Amino acid sequence: MLARRLFSTTRARLDTLVFVEAAGAKITPSSLSAITGAQQIGKPVTALVAGPEGQAVADTVAKIPGITKVLVSPSEQYNHYLAEEVAPLVQSVVAKDGFTHVVTPASAVGKSWLPRLAALLDVQPVSDVIKVESEDTFVRPIYAGNALATVKTSDSPVLASIRGSAFEPAATEGGSAAVETVDAAESQNRTEFVSEDLVKSERPELGSATRVVAGGRGLKSKETFDQLMEPLATKLGAAIGASRAAVDSGFCDNSLQVGQTGKIVAPELYVAVGVSGAIQHLAGMKDAKTIVAINKDADAPIFGVADYGLVADLNEAIPELTEKL
C-alpha cells in the first residue's frame, strides 16, 4: 500500500501510540491485548486514555510494564467514545508528537474511529491484526478467516487494530509510567449520544470468558435456548454465546452473537450446542483451545473443527450432561 501523503512533524517521537478503552473505570481486556500487540512492534509505547474516568484508568495503565508514558484527556466529550470525537483527539496527539504507529483494539469502538482517523491522515489502516511480523508488516485474516494475508505498508503513520483473542493481555503490575494531561480536541461534531440499553448479566463477559457455551438454530426456540443453555452455562461457569441464526431467530440478544459479524472469542473451552458451523460462525471461535460440538447432524461442518463431537439429540444430551456436571 502506498501512502499518498507522507506524515511529518518537527517533534518526531518515534513511538507507538495505543488507545486504551475503559468500561466502568476498568481497562477492557481487548485493550490489554492491544498493548501487547503494540509492544511487539518494537518501539516505546505511549498510551492514550480519554473520558471522564480517564484519570483513574490512566493511573492503572501507568503500572503496565512497557508503557513509557500515559496521555489522558478526561473531558466529558469522550464519554461513550463517539467516533466523531475520538478521531480528532488522536489526530491532534499524533500531529503534536509525531507517533509512527497508532494502535487500537479491534472492538466496536476501535472499528468506528480508526477509519475516520485514516481519512483525516490520508492513510490506509491495517485492520484486525493477529500477528506482528515487523514494524511495517502484519498478518490479518481474510475470507472469513479461511486465509491469512501478510500486509506490508509504507504509510506513515501506520494505523492498526488488534484482534484481542490473538494476543495475550498485558500484565497490569510492575510499571511506573508518567501521566500527562492533554487538552480536548476541536471536533465540530454534530452527533450526540442519546441513550443505551445494556444487557446486564452476572456471567463472565463473552469476549474475554475462558469458557463459552453457544447455542444455534438447532435449539428451535427461545424457550428451549433458555431451558438448556442457562443451566449448562451455570454448571461450567461459562459465558453464553450464540450463532447468528439463533440471534436472528430471536432466541437471545444480539450482544451474544459469535462470528464474523459478532464477537471473536478464543476461550479455553467452547461448547457448541445445535450449531451447524457456518463459515461465518467458525471465523469467530475456531481459535478456542478445546471445541466440543453437540449436533444430531453427523455431517455438520462444526465437527470439522471440533476436538470432541457428540452426534445426539441435544434435548436429551444437554440435560444429561448438565446433570452429570
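Each residue is numbered by its place in its chain's sequence as written, counting from 1. Residue-level local features of this predicted model are given only where pLDDT is at least 70; pairs of side-chain atoms are given and counted only at 80 or more, and the full residue set underlies all totals for whole chains, interfaces and linings. The basis for every side-chain value is the complete set of non-hydrogen atoms in the structure, without hydrogens or water.

With that settled, consider the overall build of the protein chain. Where helices and strands are cited, they refer to DSSP runs of H or I of at least four residues and of E of at least two residues respectively, numbered from the N terminus. Per the secondary structure count, the protein chain includes eight helices and 17 strands. Two things to know: the radius of gyration comes from C-alpha atoms, and the globule rule equals 2.2 Å times the number of residues to the power 0.38. A compact globule built from 325 residues would reach a C-alpha radius of gyration of about 20 Å, and the protein chain, at 21 Å, matches this within 12%. Projecting the C-alpha coordinates of the protein chain onto the three principal axes gives extents of approximately 70 × 40 × 35 Å. Throughout this description, buried means an accessible area under 20% of the type-specific maximum (1.4 Å probe, protein chains only), exposed means over 50%, and partly exposed covers the range between. Here the protein chain, with 325 residues, has 47% of them falling under the buried criterion. Per element, the accessible surface of the protein chain, about 15,700 Å² overall, is 49% carbon and sulfur. Taking the 29 positively charged and 38 negatively charged side chains of the protein chain as two groups, their mean positions are separated by 3 Å. Methods summary: accessible areas were calculated by the Shrake-Rupley approach with a probe of 1.4 Å, and residue burial reflects only the protein chains presented. Positive charges come from Lys and Arg, negative ones from Asp and Glu, while His and the chain ends are left out of the count. Note on charges: their place is set at NZ of Lys, CZ of Arg, CG of Asp or CD of Glu.

Time to look at the nonpolar core. Within this scheme, the nonpolar core is defined by two criteria: the residues are buried Ala, Val, Leu, Ile, Met, Phe, Trp, Tyr or Cys, and they are joined through side-chain atoms within 4.5 Å. Counting residues in each nonpolar core, the largest one holds 58 residues, and the members touching the most others are Phe 19, Leu 48, Val 61, Val 70, Val 90 and Trp 113. The contact criterion used throughout is that any non-hydrogen atoms of two residues lie within 4.5 Å. Not counting residues within four places of it along the chain, the set of residues in contact with Trp 113 comprises Phe 19, Ala 83, Val 86, Ala 87, Val 90, Val 102 and Thr 104.

To continue, consider the packing of helix H5 (residues 222–236) against helix H8 (residues 314–324). A pair of packed helices is characterised by two quantities: the angle between their axes and the separation of those axes. To define axes, lines are fitted to C-alpha atoms, for helices over the stretch in contact only, and angles between the resulting N-to-C directions are given on a 0 to 180 degree scale. As a packed pair, H5 and H8 sit with axes 9 Å apart at the nearest point and diverge in direction by 25°. Taken together, the axes of H5 and H8 are roughly parallel relative to one another. Of the two elements, H5 crosses H8, and the hand of that crossing is left-handed. Side by side, H5 and H8 meet where Thr 224, Leu 228, Pro 231, Leu 232 and Lys 235 of the first sit next to Leu 314, Asn 315, Ile 318, Pro 319, Leu 321, Thr 322 and Glu 323 of the second. Polarity classes work like this: nonpolar for Ala, Val, Leu, Ile, Met, Phe, Trp, Tyr, Cys and Pro, charged for Asp, Glu, Lys and Arg, and polar for all others, with Gly in that last group. Its residues assigned to classes, the contact of H5 with H8 comprises seven nonpolar, three polar and two charged. Every angle not falling under 35 degrees, over 145, or within 65 to 115 is termed oblique; those three ranges are roughly parallel, roughly antiparallel and roughly perpendicular. In this scheme, a crossing is called left-handed if the near helix is turned counterclockwise away from the far one by less than a right angle; it is called right-handed if the turn is clockwise.

Here we come to the sheet that holds strand E15 (residues 269–273). Paired strands, as defined in this entry, are two strands with at least two bridges between them according to DSSP. Strand order in the open sheet made by the five strands is E14-E13-E15-E16-E17, with parallel pairing throughout. In this open sheet, the two edge strands, each paired with only one partner strand, are strand E14 (239–242) and strand E17 (308–311). Strand after strand, the sheet turns through a mean of 15° between neighbouring axes, direction not considered. Alignment of strand E16 (residues 290–295) against E17, held across four bridges, turns out to be parallel. Pairing of Asn 295 across the sheet is with Val 311, part of E17. Helix-sheet contacts for H5 involve strand E13 (211–215), E14 and E15, and the interaxial angle to E13 is about 170°. Here H8 sits on the sheet and contacts E15, E16 and E17; the angle it forms with E16, its principal contact strand, is near 135°.

Looking now at a negative patch on the surface. Residues qualify for a patch when their relative accessible area is over 30% and they have no salt bridge, like charges being joined within 9 Å and the nonpolar side chains of Val, Leu, Ile, Met, Phe, Trp and Tyr within 5 Å. Salt bridge, as applied in this entry: a Lys or Arg side-chain nitrogen positioned within 4 Å of an Asp or Glu carboxyl oxygen. A contiguous patch of negative charge, built from Asp 313, Glu 316, Glu 320 and Glu 323, is present on the exposed surface. Counting through the fold element by element, Glu 323 comes out in helix H8. The exposed category is assigned to Glu 323, whose relative accessible area is 66%.

Here we take up the side chain of Thr 153. Note that Thr 153 resides in the loop between strand E10 (147–152) and strand E11 (158–162). Judged by its relative accessible area of 6%, Thr 153 is buried. Whenever two N or O atoms come within 3.5 Å, that pair is a polar contact, provided that in protein one can donate a hydrogen and the other can accept it, and provided that, for residues adjacent in sequence, both atoms are side-chain atoms. A polar contact is formed between the side chain of Thr 153 and the backbone nitrogen of Asp 155, at a distance of 3.0 Å.

All right, on to the environment of Pro 141 then. You can see Pro 141 is positioned in strand E9 (residues 137–142). We classify Pro 141 as buried; its relative accessible area is 11%. The spacing of Pro 141 and Ala 238 is 97 residues in sequence and 27 Å in space, taken between C-alpha atoms. In this structure Pro 141 touches Asp 128, Ile 130, Ala 147, Leu 148 and Arg 163, once residues within four positions along its chain are discounted.

A word on the UniProt feature "domain: Electron transfer flavoprotein alpha/beta-subunit N-terminal" (unreviewed entry) in the protein chain. With numbering aligned to this structure, UniProt lists the feature "domain: Electron transfer flavoprotein alpha/beta-subunit N-terminal" (unreviewed entry) at residues 16–197. As annotated, residues 16–197 comprises 26% helix and 31% strand, and the C-alpha atoms at either end are separated by 35 Å. UniProt positions are given in the numbering used here, feature names are shortened, and annotations may be inferred rather than shown by experiment.

It is worth spelling out the sheet that holds strand E6 (residues 101–105) at this point. Strand order in the open sheet formed by seven strands is E7-E11-E6-E1-E4-E5-E12, and the pairing between neighbours is parallel. With one partner strand each, in any of the chains shown, strand E7 (126–129) and strand E12 (178–181) form the two edges of the open sheet. Sheet twist, expressed as the average angle between the axes of neighbouring strands with direction ignored, equals 25°. In terms of strand pairing, strand E4 (residues 45–50) meets strand E5 (residues 67–73) through six bridges, oriented parallel. From the neighbouring strand, Ala 47 faces E5, where its bridge partner is Val 70.

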